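Spelled out, the chains give:
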Amino acid sequence: MHVMKFGARGSSGAGLISLFVAVLMVAVLYVGGEWFVTQHVKTALTEILRQDTRTELEVESVGLDGWLFSGRRSGDAVVLLPSNERVPVEFRMIGNPITGSTITVEGDQRLKLRLRDLFGDIL
């Protein structure tokens with residue numbers, strides 16, 4: 001009869017795999033959370049900026065400063081106008097999408113978009 005002996009080698013391999021899976025899950029959750037926040041900001045900025053103009057706008061990309069769980073974040077977005085012109089817009093976000101957030105666009109940024117809407121290519 002053969003007796004198999006399981007030593008520390010078997011359990012340390014399982015612990016290493018468990019650690020790797022745990023780190024991988026945390027990374028996936030963080031990246032998913034950042035994607036969710038980015039989509040929320042895109043939607044909210046589109047609604048805010050459409051209030052000021054008569055034309056259709058699209059928020060093409062959003063870049064956020066800070067980390068996922070910070071209460072105040074700022075960032076830059078690129079707004080695509082119907083004339084295919086890309087306009088940078090700065091914004092600030094307080095809070096988070098789950099418990100409620102407030103997104104504000106700098107006043108002069110909104111004014112620039114309104115003027116582009118009114119005067120078009122003249123500016």
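Residues take numbers from 1 onward in each chain, read along the sequence in its written order. Totals for whole chains, interfaces and linings use all residues, but because this is a predicted model, local features are given only for residues with pLDDT of at least 70 and pairs of side-chain atoms are given and counted only at 80 or more. Side-chain measures were taken over the full set of non-hydrogen atoms in the model, leaving aside hydrogen atoms and water.

## Points about a nonpolar patch on the surface
Argument step 1. Side chains of Ile17, Phe20, Val21, Leu24, Met25 and Val28 sit close together on the surface and give an oily, nonpolar patch of about 590 Å² of accessible area.
Argument step 2. Strands are runs of DSSP state E lasting at least 2 residues, helices are runs of H or I lasting at least 4, and numbering of each runs from the N terminus. In this fold, Phe20 is placed in helix 1 (residues 8–50).
Argument step 3. In this scheme, a residue with accessible area under 20% of its type's maximum is buried, one over 50% is exposed, and one in between is partly exposed, where area comes from a 1.4 Å probe on protein chains only. Exposure remark for Phe20: the relative accessible area of 57% places this residue in the exposed category. Like charges are joined within 9 Å and nonpolar side chains (Val, Leu, Ile, Met, Phe, Trp, Tyr) within 5 Å, but only among residues with over 30% relative accessible area and no salt bridge; these make up the patches. Areas reported here follow the Shrake-Rupley algorithm with a probe of radius 1.4 Å; residue values treat only the protein chains shown as occluding. The salt bridge criterion pairs a side-chain nitrogen of Lys or Arg with a carboxyl oxygen of Asp or Glu, the two atoms within 4 Å.

## A word on the nonpolar core
Argument step 1. Here, nonpolar core means buried Ala, Val, Leu, Ile, Met, Phe, Trp, Tyr and Cys residues that are tied together by side-chain atoms lying within 4.5 Å of each other. Counting residues in each nonpolar core, the largest one holds 21 residues, and the members touching the most others are Val41, Leu45, Val62, Phe91 and Ile103.
Argument step 2. Among the elements that line this core, the one with the most residues is helix 1, at six residues.
Argument step 3. Those residues in contact with Phe91, other than ones at most four positions away along the chain, are Val41, Leu45, Val62, Gly63, Leu64, Ser74, Gly75, Asp76, Ala77, Ile103, Thr104 and Val105. Residues count as neighbours in contact if any of their non-hydrogen atoms are within 4.5 Å of one another.

## A closer look at the sheet that holds strand 4 (residues 100–105)
Argument step 1. DSSP calls a pair of strands paired once it identifies at least 2 bridges connecting them. The antiparallel open sheet is built from four strands, whose spatial order is 1-2-3-4. Looking along the sheet, the strands with just one partner apiece sit at the ends: strand 1 (58–64) and strand 4. Averaged over all neighbouring strand pairs, the angle between strand axes comes to 30 degrees, with direction disregarded.
Argument step 2. Of the pairings in the sheet, the one linking strand 1 to strand 2 (residues 72–80) comprises six bridges and is antiparallel in character. Across the sheet, Val62 pairs through a bridge with Ala77, a residue of strand 2. To obtain each axis, a line is fitted to C-alpha atoms, and for helices this fit is confined to the stretch in contact; angles are then taken between N-to-C directions over 0 to 180 degrees.

Interpretation note: all reported values are geometric properties and have no functional meaning in isolation.
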